[in-house]
Amino acid sequence: MKNALTGLFLLGFITFLQSNAQSPAGNGGTMPSLGITASVDSDSLANAAGFVYLEETVKRILAPAVSEEAFAAHLQQLKRARCHIQTCNLFIPGYLKLMGPDVNEAWILGYVDTVMQRAEKAGIRLIVLGSGEARKIPEGVDRATAKEQFIRLARKMADIAAKYNCLISMENLNTTETNFVNTLAEGCEVVTAVDHPNFRLTADIYHMLRENEPAGNIAKARGILAHCHIAEREKRSAPGTEKQDFRPYLAALRDIGYKGRIMMECKWTDPAREYAPAVAYLEGQLREVYHISGKK
């Protein structure tokens with residue numbers, strides 16, 4: 001009975017997080033809302049351009065290396081932000097190995113506990129697990145063995161996230177950044193194997209494009225997709241720079257009922273001039289795909 005009640009509580013919590021990720025800003029939660037991965041220092045500019053969410057970094061605001069004084073200052077800055085800041089990336093530093101003979105499990109779990117404690121205080125509800133260097137399978141290590149090692153450790157990390165009402169959301173990364181989970185399809189397999197309600201999936205459309213992964217693979221993520229990143233394929237530029245057609249991928253998100261955040265994780269040269277056109281371009285494709293007319 002206790003396990004059943006725990007399961008129901010976690011299911012309700014995941015549902016709350018998903019609904020909380022839907023748009024609070026004018027489209028009635030009928031399509032995904034747009035955000036940006038950037039420092040909170042960019043908040044005013046991002047908000048004025050039309051971004052609803054801003055994604056900070058663990059390294060900058062939540063990591064154990066951040067002093068208590070600095071963390072307290074960041075909390076005040078987050079509270080004043082106009083964009084909603086509920087997610088962070090840059091989770092596990094490269095020197096903390098998640099697979100292979102050099103894994104220090106106690107060290108990793110202690111690091112994760114500190115991050116999650118701070119995330120709860122900061123109102124951060126989802127941490128993206130990209131961390132390509134940390135999750136790289138070392139040379140000479142059997143791939144199947146490394147994968148099982150990662151899955152076991154990921155469950156323990158997810159247990160810690162659950163204590164602090166947070167999700168860990170694993171991200172697909174292309175082969176120039178890591179050698180483990182290079183496609184969304186592989187990410188689906190790993191998240192399904194971890195089998196923990198606080199360990200979910202981030203679909204990074206830029207990395208899907210780099211790996212020539214078809215939009216149809218998003219269908220495999222139904223029920224486990226919690227987050228999304230996006231950028232244009234060739235130069236990781238902002239949507240609209242090279243007129244990338246994202247509509248097949250956006251349609252796949254629509255088909256699985258995704259209405260959460262889509263965060264632009266791009267290279268910018270002049271944010272003051274580039275933010276607003278990027279929002280307008282991607283929102284135009286979203287409105288077309290999600291069959292929404294009119295403006296906000």
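Only a predicted model underlies this, so the values are computations on that prediction, with no experimental measurement involved.

(A) Summary view of the packing of aromatic side chains. Enumeration according to the criterion identifies six aromatic pairs in this entry. Plain terms: the ring middles of Tyr95 and Trp107 are 5.9 Å apart, the flat faces sit at 45° to each other, and that makes the pair tilted. Here Tyr95, found in the loop between β3 (84–89) and α5 (105–122), pairs with Trp107, found in helix α5; they are twelve residues apart in sequence, far enough to count as distant. Here Tyr95 and Trp107 have matching classes, each one exposed. Judged by centre distance (6.5 Å) and plane angle (70°), the ring pair of Phe150 and Phe199 falls under edge-to-face. Residue Phe150 is located in helix α6 (residues 143–163), and its partner Phe199 is located in strand β6 (residues 199–204); the two are separated by 49 residues in the primary sequence. In this structure, Phe150 and Phe199 share a single accessibility class: buried. Among the aromatic residues, ring-to-ring pairing joins Phe51, Trp268 and Tyr275 into one connected group. One cation-aromatic arrangement involves Arg118 over Phe71; the distance from NZ or CZ to the ring centre is 4.7 Å.

(B) Seen up close, α5. Here α5 spans 25 Å end to end across 18 residues, near enough to the 26 Å set by a 1.5 Å rise per residue. Those residues of α5 that fall on the buried side of the exposure criterion are Ile108, Leu109, Tyr111, Val112, Asp113, Val115, Met116, Arg118, Ala119 and Ala122. Those residues of α5 hidden inside the fold are in contact with α3 (58–61), α4 (68–80), β4 (126–129), α6 and β5 (167–171).

(C) Region of the structure containing the pattern of salt bridges. Counted according to the given criterion, the structure contains 16 salt bridges. Where Glu105 meets Lys156, a salt bridge forms, and the shortest distance between an N and an O atom there is 2.6 Å. Remark: Lys156 occurs in helix α6 and Glu105 occurs in helix α5; sequence separation between them is 51 residues. Via salt bridges that share partners, Asp41, Glu56 and Arg60 belong to a single interconnected network.

(D) Region of the structure containing the environment of Ala226. Looking at the element boundaries, Ala226 is found in strand β7 (residues 225–230). With 34 residues separating them in the primary sequence, Ala226 and Gly260 have C-alpha atoms 7.2 Å apart.

The rules behind these values
- Every chain begins its residue count from 1, and numbering advances along the sequence as written.
- Selection of residues for local features in this predicted model requires a pLDDT of at least 70, selection of side-chain atom pairs for listing and counting requires 80 or more, and totals for whole chains, interfaces and linings are taken over all residues.
- Only heavy atoms go into the side-chain values, all of them from the structure, while hydrogens and water stay out.
- Pairing of aromatic side chains requires ring centres within 6.5 Å, counting the rings of Phe and Tyr and the six-membered ring of Trp. Pairs whose planes differ by under 30 degrees are stacked, by over 60 edge-to-face, and all others tilted.
- Put simply, DSSP H or I for four residues or longer makes a helix, DSSP E for two residues or longer makes a strand, and each gets a number counted from the N terminus.
- Any residue under 20% of the maximum accessible area for its type is buried, any over 50% is exposed, and the rest in between are partly exposed; the area is computed with a 1.4 Å probe on protein chains only.
- Only lysine NZ and arginine CZ atoms are considered, and such an atom sits over a ring when it is within 6 Å of the ring centre and within 35 degrees of the ring normal.
- By this rule the span expected of a helix is its residue count minus one, scaled by 1.5 Å.
- Contact criterion: two residues are considered in contact whenever any of their non-hydrogen atoms come within 4.5 Å of each other.
- What counts as a salt bridge is simple: a side-chain nitrogen of Lys or Arg found within 4 Å of a carboxyl oxygen of Asp or Glu.

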